[in-house]
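In case you want the letters, here they are:
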Amino acid sequence: MNPTFYPCIWFDGQAREACNFYCSIFPGSQKLSDNGMVTIFEIAGTRFMALNGGPAWKPTPAVSYYFYTGNESLLKKYYDALSDGGQVLMPLGRYDWSPAYAWVIDRYGVSWQMDMDDLPTTQKIVPSLLFVNEKQALVKEAMTLYASIFPDSRSLLEAPYPPGSGTAEGMLLFAQYRINGNLMNAMSSVIRHDFDFSPGNSFVVLCDTQEAIDQYWHALGHDGQFEKCGWLRDKFGVSWQIVPSILPSLMADPTKRDRVMAAFLSMSKFEIDKLMV
């Protein structure tokens, strides 16, 4: 059985506010749970976690959420709402790859790409990784690694740079993969940037068993960095949270919450048996 797999955005006390903002903009949105620290919500077929993690990290443009709207008038609506109080990286207009596209950072520092193209799936928002600076040639390697770790994964599209671009032969400009049954995009840039992957954007992997936790923890963390409370950074710097699926229900129980929190704050990799004591 595939583990549940979805993006997490780090906020400094604004998780609930941001969730309400996104749910007011996007169709088919709903808040699934909210305990003050973690808000889980779904917009346009994609589940998100909003985490009140404090001031240590902020979202980074190295991870964006690519919304395939299927409608130019809707794209304009989302563009106006998300850019209000934010920053426009690429204004709404025609580009080589799309007749209508835009890239903005919203008022909470979260990066969104919007395209009038549609997807023949219920998932309309696709997490997108941007490999920059010394990592610009690693798109293929990263996506191949993720596809090898998760079930139900394969390459859907790989677009190399055109001849004469000054890049190494076969270096990917854009790729789209199915990872664990979910769509994921990856891009590279030859322009120097002042950002990189960080815990400001991460991916949650909910596991039903200790065996699954062990598997994903070691596979994703190999040659990376293991951190506290189920967090790790893989060899490319992308952050992941490997979490037991029972944790949300344990944290929702007021008779168990404090004990469970004290237990997992002392852990690096989650150990289910110690949470259940």
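In case you missed it, the structure is sitting above this.
Analysis parameters
Residues numbered from 1 in each chain as written. Predicted model: local features only at pLDDT ≥ 70, side-chain atom pairs only at ≥ 80, totals over all residues. Heavy atoms only, no water. Helix = DSSP H or I, 4+ residues; strand = E, 2+ residues; numbered from the N terminus. Expected span 1.5 Å × (residues − 1). Buried < 20%, exposed > 50% of the residue type's maximum accessible area, 1.4 Å probe, protein only. Arc of directions from axis to C-beta. Contact = heavy atoms within 4.5 Å. Salt bridge = Lys/Arg side-chain N within 4 Å of Asp/Glu carboxyl O. Pairing = 2+ DSSP bridges.

Considering helix α2 (residues 72-83)
- With 12 residues, α2 ought to run about 16 Å at 1.5 Å a step, and its terminal C-alpha atoms sit 16 Å apart, in line with that.
- Those residues of α2 not exposed but buried are Leu75, Tyr78, Tyr79, Leu82 and Ser83. Within α2, the buried residues cover an arc of 110 degrees as seen down the axis, which keeps them to one side.
- For α2, the secondary structure elements touched by its buried residues are α1 (15-25), β5 (63-68), β6 (87-95), β7 (98-105) and β8 (111-115).

Focus on the pattern of salt bridges
- Taken as a whole and assessed by the stated rule, the structure comprises 13 salt bridges.
- Where lysine 269 meets aspartate 214, a salt bridge forms, and the shortest distance between an N and an O atom there is 2.9 Å. Here lysine 269, found in the loop between α6 (257-265) and α7 (272-276), pairs with aspartate 214, found in helix α4 (residues 210-221); they are 55 residues apart in sequence, far enough to count as distant.
- For the salt bridge of lysine 274 with glutamate 271, the shortest nitrogen-to-oxygen distance reads 3.5 Å.
- For lysine 274, a relative accessible area of 46% gives the class partly exposed.
- Each of the salt bridges in this network shares a partner with another, and the network as a whole consists of Arg16, Lys31 and Asp34.

With respect to the sheet that holds strand β13 (residues 201-207)
- Overall, mixed pairing links the 8 strands, which are arranged β2-β3-β4-β1-β13-β16-β15-β14 in an open sheet. A single partner strand is all that each edge strand has here, and the edge strands are β2 (30-34) and β14 (225-226).
- Bridge analysis of strand β15 (residues 231-233) against strand β16 (residues 239-244) gives 3 bridges, and the strand direction is antiparallel. Pairing of leucine 232 across the sheet is with tryptophan 240, part of β16.

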